[in-house]
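Given next are the chains, with one letter for each unit.
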Amino acid sequence: MFKINENYLKLPGSYLFSTIGKKVAAYTAAHPEKNIIRLGIGDVTQPLAPAIIDAMHKAVDEMGVKETFHGYAPDLGYEFLRAAIAKNDYADRGCDISADEIFVSDGAKCDSGNIQEIFSLDNRIAVCDPVYPVYVDTNVMAGRTGNYNPQTEQFENVIYMPCVAENNFAPELPKETPDIIYLCFPNNPTGSTITKAQLQEWVDFANKVGAVIIYDAAYEAYISEEDVPHTIYECEGARTCAIELKSFSKNAGFTGTRLGYTVVPKDLKCKDVSLHSLWARRHGTKYNGAPYIIQRAGEAVYSDEGKVQLKAQVAYYMNNAKVIYEGLKSAGYTVSGGVNAPYIWLKTPDKMTSWEFFDYLLEKANVVGTPGSGFGPHGEGYFRLTAFGTYENTVAAVERMKAL
Ligand SMILES: *Cc1c(COP(=O)(O)O)cnc(C)c1O
């Protein structure tokens, strides 16, 4: 008789966004006349830029012609896209990453979940707390953690690195030695970043202890400050210790179109085995990950026209971030983030818990945000607001919060 993967049962029953959905649905059912503004979910709202749409149309037409039809995509992704990524995201920043170290995929979420499969179960992971839940959840499902402890709200056998006001929401090097370190900067949910010098310390640490860093750069396009690194490969020695995850979702609106990539440098080895050769065998996003049409759309992100259009889109969201940050700050809230990321991290007023503040904001202002505690125990007492809404809704939500 078949048996299930019991590691799945270690995950707490209710997922953050389904709880939010249920609460909002219940409130809407009871108050159908209320106009609810959502500054919660991490999805973009602006349509795909014209340069991207043009590229997709053209690629669709090619698919209908015998001479230009495309079947299975090549293993690592089409050369035209990998070359554009290698040039724009790496060479132009002085980083030594070649096109054949880039693996195109259908998004960073799948890659961030699947990448753990190339590592033994006998590895200890370290994660920021709070952080994007996918890193821990997928390691739980694989069986790389112990049980969930409802008292500490943590899984056993995971090194949690607190990101709190005292350290500017940037983790300190852990005292215990991890094998796999997940870092995400600019961070979701706190919107915090670290400087290039700080990231260099992590790279040096990883090389010293023989750990690998999985660096999630999904929000790289939102960086506005000079000393914040755009990629971990700006740091010396990163080629021997770091994998980088990148997404087209937040910089170019591909959340529903699906495109991302993972960089695995050929110098990254465990004894004699290169991780590049292991990731080349991956399942999941291989072949079927990103269709020709979507990879052509991704290429347009790096065209002159595409760059101008996407810069404007990011600026639109970052103007929302500024509206939220400055509006709430002037109203006496304690806020951070929002400068290099589309997320504002808000300390809940009057010592409310994250969920108490969620209910309060939903009922009193009809604004939906995300409780910080959903991203890890050190997110308790905090709340995430996102800049992905429309300008009009963002202004209206901030006015409502100021009036509370
Ligand atoms: C949104 C997000 C991603 C990526 O998403 P895909 O849509 O799967 O490419 C990855 N990491 C973080 C931290 C995110 O917030």
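Relevant structure appears above.
Residues numbered from 1 in each chain as written. Predicted model: local features only at pLDDT ≥ 70, side-chain atom pairs only at ≥ 80, totals over all residues. Heavy atoms only, no water.

Some words on the packing of aromatic side chains
Our working definition: Two rings belonging to Phe, Tyr or Trp (six-membered ring only in the last case) form a pair when the distance between their centres is within 6.5 Å. Interplanar angles under 30 degrees mark stacking, angles over 60 mark edge-to-face geometry, and anything in between is tilted. Counting from the N terminus, the helices are the DSSP runs of H or I reaching at least four residues and the strands are the DSSP runs of E reaching at least two. Exposure is judged per residue with a 1.4 Å probe applied to protein chains only, and the accessible area is read against the type maximum: over 50% gives exposed, under 20% gives buried, and values in between give partly exposed. Both a distance and an angle decide whether a charge sits over a ring: NZ of Lys or CZ of Arg must be within 6 Å of the ring centre and within 35 degrees of the ring normal.
Overall, the coordinates contain 23 aromatic pairs when judged by the stated rule. Taking the centre distance of 6.4 Å and the plane angle of 80° together, the rings of tyrosine 222 and phenylalanine 388 count as edge-to-face. With a gap of 166 residues between them, tyrosine 222 in the loop between strand S8 (212-216) and strand S9 (242-247) and phenylalanine 388 in the loop between strand S17 (382-386) and helix H12 (391-402) connect regions that are remote in the sequence. Residue classification places phenylalanine 388 among the buried residues on the basis of a relative accessible area of 1%. The ring centre of phenylalanine 80 lies 3.6 Å from the NZ or CZ of arginine 296, which sits over that ring.

Quick look at the layout of surface pockets
Quick note on the threshold: Space inside and on the surface of the protein is sampled on a 1 Å grid over the protein atoms alone, with a cavity defined as a set of points where a 1.4 Å probe fits but cannot get out and a pocket as an open set with protein on both sides within 12 Å along at least 5 of 7 lines; lining residues have an atom within 4 Å of a point. Grid points are joined across faces, edges and corners, and a volume is the space filled by probe spheres set on the points. Three categories are distinguished: nonpolar for Ala, Val, Leu, Ile, Met, Phe, Trp, Tyr, Cys and Pro, charged for Asp, Glu, Lys and Arg, and polar for the others, with Gly belonging to the last.
In this structure, the largest pocket spans a volume of roughly 760 Å³. Of all the secondary-structure elements, those providing two or more residues to the lining of the largest pocket are helix H1 (16-30), strand S3 (125-129) and helix H5 (134-142). Considering every element that reaches the lining of the largest pocket, the biggest residue donor is H5, with 5 residues. Class assignment for the residues of the lining of the largest pocket results in 18 nonpolar, 7 polar and 4 charged.

Overview of the site of the ligand
Filter applied, for reference: One heavy atom within 4 Å of a molecule or strand makes the whole residue count as near it. Two N or O atoms count as a polar contact when they lie within 3.5 Å, although within protein this holds only if one can serve as hydrogen donor and the other as acceptor, and sequence-adjacent residues are included solely when both atoms are side-chain atoms. Every accessible area reported is derived by Shrake-Rupley at a probe size of 1.4 Å, with residue values counting cover from the shown protein chains alone.
Neighbouring the ligand are 14 residues; Asp216, Tyr219, Ser247, Ser249 and Lys250 lie closest to it. Within the contact set of the ligand, an oxygen atom lies 2.5 Å away from a side-chain nitrogen or oxygen of tyrosine 219. Considered on its own, the ligand offers 390 Å² of accessible surface; in the complex 93% of this is hidden by protein. Considering only residue class, the shell around the ligand consists of 6 nonpolar, 4 polar and 4 charged.

A short note on the sheet that holds strand S6 (residues 158-162)
Note the following rule: Any two strands with at least two DSSP-identified bridges between them are counted as paired. Helix axes are fitted to C-alpha atoms over the stretch in contact, other axes to C-alpha atoms as well, and angles between N-to-C directions run from 0 to 180 degrees. The criterion used for residue contact is that any of the two residues' heavy atoms lie within 4.5 Å.
Ordered by their spatial adjacency, 7 strands build an open sheet running S2-S10-S9-S8-S7-S3-S6, and the pairing between neighbours is mixed. Unpaired on one side and paired on the other, strand S2 (102-105) and S6 mark the two borders of the sheet. Mean inter-strand twist for the sheet, computed between neighbouring axes without regard to direction, equals 20°. On top of the sheet, helix H3 (residues 79-90) reaches S2, S9 and strand S10 (260-263); it is set at about 115° to S2, its chief contact.

Observations concerning the packing of helix H2 (residues 50-63) against helix H9 (residues 292-301)
What counts, and what does not: A crossing counts as left-handed when the near helix is turned anticlockwise from the far one by less than a right angle, and as right-handed when that turn is clockwise.
Contact geometry of H2 with H9 gives a least axis separation of 8 Å together with a crossing angle of 150°. As for the relative orientation of H2 and H9, their crossing is right-handed in sense. Contact residues: H2 offers Ala51, Ile52, Ala55, Met56, Ala59, Val60, Glu62 and Met63, while H9 offers Tyr292, Ile293, Ile294, Arg296, Ala297, Ala300 and Val301.

Things to note about the sheet that holds S17
Judged by pairing direction, the sheet is antiparallel, and its 4 strands sit side by side in the order S13-S14-S17-S16 without closing on themselves. In the strand order of this sheet, the two ends are held by strand S13 (334-337) and strand S16 (370-371), each with one partner. Across 2 bridges, the pairing between S16 and S17 is antiparallel. The residue bridging proline 371 from the neighbouring strand is phenylalanine 383, located in S17.

Some thoughts on the environment of tyrosine 382
By the secondary structure assignment, tyrosine 382 is in strand S17. Owing to a relative accessible area of 12%, tyrosine 382 belongs among the buried residues under this scheme. Placed 35 residues apart in sequence, tyrosine 382 and lysine 347 show a C-alpha to C-alpha distance of 4.5 Å. Look past the residues within four positions of tyrosine 382 in its chain and what remains in contact with it is Ala165, Phe169, Trp345, Leu346, Lys347, Thr348, Ser354, Pro371, Gly372 and Ser373.

Looking at the side chain of serine 354
Relative to the helices and strands, serine 354 resides in helix H11 (residues 354-365). With relative accessibility at 0%, the residue serine 354 sits in the buried group. Setting aside chain neighbours within four positions, we find serine 354 in contact with Thr348, Pro371, Gly372, Ser373, Gly379, Glu380, Gly381, Tyr382 and Phe383.

Overview of the nonpolar core
To be explicit about the condition: Note on terminology: a nonpolar core comprises buried Ala, Val, Leu, Ile, Met, Phe, Trp, Tyr and Cys residues joined through side-chain atoms within 4.5 Å.
By size, the foremost hydrophobic cluster in this structure holds 86 residues, and its most contacted members are Ile52, Leu183 and Ile213. At 6 residues, H3 tops the list of elements feeding residues into this core. Beyond its immediate stretch of four places on either side in the chain, isoleucine 52 contacts Ala252, Phe254, Ala297, Ala300, Val301 and Leu310. If you look at the next biggest cluster of nonpolar residues, it comprises 38 residues, including Val24, Ile37, Tyr333 and Leu361.

Observations regarding the pattern of salt bridges
Quick reminder of the rule: A pairing counts as a salt bridge when a side-chain nitrogen of Lys or Arg comes within 4 Å of a carboxyl oxygen of Asp or Glu.
One pass over the full model with this rule turns up 13 salt bridges. In this structure, arginine 239 and glutamate 101 form a salt bridge, with 2.7 Å as the shortest nitrogen-oxygen distance. Taken together, the positions of arginine 239 in the loop between S8 and S9 and glutamate 101 in the loop between H3 and S2 put the pair 138 residues apart, joining distant regions of the chain. The pair formed by arginine 239 and glutamate 101 is uniform in burial state, with each residue classed as buried. Among the salt bridges present, the one from arginine 239 reaches aspartate 267, with a minimum N-O distance of 2.9 Å. Of this pair, arginine 239 sits in the loop between S8 and S9 while aspartate 267 sits in the loop between S10 and strand S11 (269-270), and the two are 28 residues apart along the sequence.

Details of empty space enclosed by the protein
Here the structure, examined in full by the defined rule, presents 2 cavities of 30 Å³ or more. The calculated volume of the second largest cavity comes to roughly 40 Å³. Together, Phe17, Ile20, Arg38, Gly40, Ile41, Val368, Gly369 and Thr370 line the second largest cavity. Here the residues of the lining of the second largest cavity sort into 4 nonpolar, 3 polar and 1 charged.

Digging into the environment of glutamate 234
Along the chain, the position of glutamate 234 falls in the loop between S8 and S9. Judged by its relative accessible area of 22%, glutamate 234 is partly exposed. Taking the C-alpha atoms as reference points, glutamate 234 and valine 212, separated by 22 residues in sequence, lie 16 Å from one another. Apart from the residues lying within four places of it in its own chain, the contact partners of glutamate 234 are Arg93, Cys95, Lys196 and Pro229.

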